[in-house]
Amino acid sequence: MSSQQEILSDGRFSRIARDPMFWEMPEKERKVKIDKRFRAMFHDKKFKMKYTVDKRGRPVNYTTTENLRKFYALSESDSDLSEYDSKEHTEKKRKNKKAKPKGEADS
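All figures in this text were calculated on a predicted structure; none of them were measured in a lab.

## Concerning helix H4 (residues 64–71)
Part 1 of the reasoning: Of all the residues in H4, the buried ones are Thr64, Thr65 and Leu68. Buried residues of H4, viewed axially, fall in a sector of 105 degrees; they line one side.
Part 2 of the reasoning: Close packing links the buried residues of H4 with strand E2 (50–53), strand E3 (59–63) and strand E4 (72–74).

## Some details on the pairing of E2
Within a regular strand, side chains alternate between the sheet's two faces.
Part 1 of the reasoning: Here E2 pairs with E3 via 3 bridges, running antiparallel. Looking at E3, one finds that Val53 is bridged to Pro59.
Part 2 of the reasoning: Taking the residues between adjacent antiparallel strands as the criterion, E2 and E3 are bridged by 5 residues, where Gly57 takes a positive phi near 90 degrees.

## Some details on the side chain of Asp54
Part 1 of the reasoning: Examined against the element boundaries, Asp54 turns out to sit in the loop between E2 and E3.
Part 2 of the reasoning: A residue is classified by how much of its surface remains accessible, and Asp54, at 18% relative accessible area, is buried.
Part 3 of the reasoning: Of the polar contacts made by the side chain of Asp54, one reaches the backbone nitrogen of Arg58; its length is 2.7 Å.

About the cut-offs
Residues numbered from 1 in each chain as written. Predicted model: local features only at pLDDT ≥ 70, side-chain atom pairs only at ≥ 80, totals over all residues. Heavy atoms only, no water. Buried < 20%, exposed > 50% of the residue type's maximum accessible area, 1.4 Å probe, protein only. Helix = DSSP H or I, 4+ residues; strand = E, 2+ residues; numbered from the N terminus. Arc of directions from axis to C-beta. Contact = heavy atoms within 4.5 Å. Pairing = 2+ DSSP bridges. Polar contact = N/O pair within 3.5 Å; in protein donor to acceptor, adjacent residues only side chain to side chain.

Shown next as structure tokens:
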């Protein structure tokens, strides 16, 4: 910490503390906003891949869905439908499809 203070007090580097180009990006602005058309990519099986090693060959245990959540966020207008609500919605659809008899035609 003291070395950082020395750097900022040095005249050659004092600009770094004041220049917005060097500020860290806020968490809200860091993620790309996704609208409701692409909401399925967070829970669809087509977008989910499980990796066992990273690009350097080290063992890892994560999926691409975790990466999607790290870099993308639903837009503010779509945030009212959370992931939990969307899962409940899909489960209700499945139950409704199972409840219909097979011989009955959709109207």
